[in-house]
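# Descriptive structure summary
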Amino acid sequence: MYDNEQKPQRALLISVDYGAFDAESSMDELIALSESAGAEVVGTMIQKLEKPLSATYVGTGRLEELAEICKNQEVDLIIADDELSPIQIKNIEDSTNVRVIDRTMLILDIFALRANSKEGKLQVETAQLRYMLPRLTGKGVEMSRQGGGIGTRGPGESKLETDRRHIRRKLDSLEEKLDEIEKHRELLRQKRKKDGVITAAIVGYTNAGKSTLMNYLTNAGVLEKDQLFATLDPTSRALKLPGGVTVMLIDTVGFVRRLPHHLVKAFRSTLEEAASADIIINVCDVSSEEALLHLEVTKNLLTELGCSDTPIITVFNKSDLVDLDIVPNISNGVRISAKTGAGVDSLLIAIEDNLPVRMTRVKLLVPFDKAGLIAEIRKNGNLISEEYTADGIVAEGLCDSALYAKVKEFQLWT
Ligand SMILES: Nc1nc2c(ncn2[C@@H]2O[C@H](COP(=O)(O)OP(=O)(O)OP(=O)(O)O)[C@@H](O)[C@H]2O)c(=O)[nH]1
Ligand SMILES: [Mg+2]
């Protein structure tokens, strides 16, 4: 968010407090997000209203005030802490002569800034186009929406249609590419499962210290920075636990409240990487007043991603910054400092306590008089196939260690 001379843009942040969320703390986060995008915040304004005005978002009086501030403070950009409609954007721009963006566009901009990998870039572009498509508007479209119709079908309208078609085509091709990447990731995941690789994903609110923890545990050299959304692309590294088991640790993109759903959709392959892990390590910054809200946001997103059955270890990080002896009453919680390493031992033990039961894949030839074993695999393990042959039952399946001990003498080495 720099102008051509690479000077930070001077931003004025606005919000309407209509009771839908905590406007003050959300504004604090918007300041951090704006700075993360490279803007210099010159002021903030919160207006209490029953609901935002559909034409101008803020009240008309406030709009005039905004225009004054923009002129006096040489504001380059207004950022609203909400999703704005095209009409609202246009009206505020017309009154202030300053470019207006909303919270979603800001977050998309930060993601665009941070995307390094091919996949990351594809995901951001998809989210941006998806967001833009319904917002492509011109006077003609606005008038026909108001029931006008006649006189609205000019060249403007058809140019808009061409743009729309162009964007839709582009979106189709981007989505095809993303589908392919997703399929590839899915294959890798299946292979990892088959090879018995156990994965543990580090998730949590942005800036909670996920990358710092990853680096502390594995020397991964991931960028850790006091900045929102420093990490976008997932990184994985092997971590050997004290008991000898190795898990694959995954560091990934952070969460934020009211995460634009276009982003969630576009980033599904990245998020699924975390969601499909065997163990989830949910890191929160315990020095933040908003720690519990952050945990809640993360928990809700994880549920949305379909991993409510995965064991979650809650990590209260940055404990070196607070004199708190008690951890909020959450089961499976550990207090650590990823910076000093305090408490990390307990985290490793918690990971070991939550390791999934290791399943061994077997192919067996079971004599008919031992057919009960097949029933046991079906019940306590995972029976993949069974076939009755002249020599006995040929069965494939997954067994835990107890079951494996019982069936291993019938293994078929093919
Ligand atoms: N004092 C203190 N600072 C920490 C600790 N863990 C992380 N930090 C700092 O918090 C900031 C954010 O850390 P990151 O590891 O980049 O956070 P992240 O969760 O990966 O953030 P995103 O990738 O942006 O979502 C950095 O400035 C870290 O140095 C800790 O235990 N104590
Ligand atoms: Mg990070």
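Read on for an overview of the structure.

About the thresholds
Residues numbered from 1 in each chain as written. Chains lettered and ligands numbered in written order. Predicted model: local features only at pLDDT ≥ 70, side-chain atom pairs only at ≥ 80, totals over all residues. Helix = DSSP H or I, 4+ residues; strand = E, 2+ residues; numbered from the N terminus. Buried ≥ 20, exposed ≤ 12 C-beta atoms within 10 Å, placed from the backbone. Contact = placed C-beta atoms within 7 Å. Near = placed C-beta within 6 Å. Core = buried A, V, L, I, M, F, W, Y, C linked by C-beta atoms within 7 Å. Domains from an automatic or database assignment. Pairing = 2+ DSSP bridges. Axes fitted to C-alpha atoms, helices over the stretch in contact; angles between N-to-C directions. Parallel < 35°, antiparallel > 145°, perpendicular 65-115°, else oblique. Left-handed = near helix turned anticlockwise from the far one by under 90°. Nonpolar A, V, L, I, M, F, W, Y, C, P; charged D, E, K, R; others polar.

## Re the overall build of the chain
Tallying secondary structure elements over the chain gives 14 helices and 13 strands in all. Its C-alpha atoms give the chain principal-axis dimensions of roughly 85 × 60 × 40 Å. Expressed as a percentage of the 414 residues in the chain, the buried residues total 33%. Considering only intrachain contacts with a sequence separation of at least 6, the fraction spanning at least 24 residues in the chain is 62%.

## Considerations on the environment of serine 236
Structurally, the position occupied by serine 236 is in strand β6 (residues 235–240). For serine 236, a count of 20 C-beta atoms within 10 Å translates into the label buried. For the pair serine 236 and aspartate 251, spaced 15 residues apart in sequence, the C-alpha separation works out to 6.3 Å. Not counting the four nearest positions on each side in its chain, serine 236 is found in contact with Met248, Leu249 and Ile250.

## What about the site of ligand 1?
Every one of the 23 residues lining ligand 1 counts as a neighbour, but Gly209, Ser211, Asp226, Thr231 and Gly254 are closest to it. Considering each element in turn, the shell around ligand 1 owes the most residues, 3 residues, to helix α8 (residues 210–218).

## Details of the nonpolar core
The biggest cluster of nonpolar side chains holds 78 residues, and the ones touching the most others in it are Ile78, Ala201, Ile202, Ile280, Ile281 and Val315. In terms of residue count, the dominant contributor to this core is helix α4 (residues 103–114) (6 residues). Each of domain 1 (10–112) and domain 3 (197–353) contributes no fewer than three residues to this core. Here isoleucine 202 is in contact with Lys210, Leu213, Met214, Leu249, Ile250, Asp251, Ile281 and Val283, once residues within four sequence places are set aside. Ranked by size, the runner-up nonpolar core spans 8 residues in total, among them Val362, Leu364, Val366 and Leu403.

## A look at the sheet that holds β6
Taking strand neighbours across the sheet as the criterion, the 6 strands line up as β6-β7-β5-β8-β9-β10 in an open arrangement whose pairing is mixed. Strands at the two margins of the open sheet, each flanked by one partner only, are β6 and β10 (333–335). Mean inter-strand twist for the sheet, computed between neighbouring axes without regard to direction, equals 25°. Running at roughly 150° to strand β7 (residues 246–251), α8 makes contact with β5 (198–204), β6, β7, β8 (279–285) and β9 (312–317) of the sheet.

## Concerning the environment of leucine 30
Within the fold, leucine 30 resides in helix α1 (residues 23–36). Accessibility expressed as a C-beta count within 10 Å gives 24 for leucine 30, which makes it buried. Taking the C-alpha atoms as reference points, leucine 30 and threonine 162, 132 residues apart in sequence, are found 35 Å from one another. The residues touching leucine 30, leaving out its near neighbours within four places in the chain, are Leu13, Ile79, Asp81 and Arg103.

## Some points on the sheet that holds strand β3 (residues 77–80)
Paired through their backbone hydrogen bonds, the strands of a sheet run either parallel or antiparallel. The strand order β2-β1-β3-β4 describes an open sheet built from 4 strands, whose pairing is parallel. This sheet does not close on itself; its edge strands, each paired only once, are β2 (40–48) and β4 (99–102). Pairwise comparison of adjacent strand axes, ignoring direction, gives a mean angle of 25° for this sheet. On the sheet, α4 packs against β3 and β4 and is oriented at approximately 85° with respect to β4.

## Looking at the packing of α1 against α4
Two elements in contact, α1 and α4, have axes separated by 9 Å at closest approach and are oriented at 40°. Classed by the angle they form, the pair α1 and α4 counts as oblique. In the packing of α1 onto α4, the handedness of the crossing is left-handed. Seen from α1, the contacting residues are Leu30, Leu33, Ser34 and Ser36; seen from α4, they are Arg103, Leu106, Ile107 and Ile110. Of the residues belonging to the contact of α1 with α4, the class tally is 5 nonpolar, 2 polar and 1 charged.

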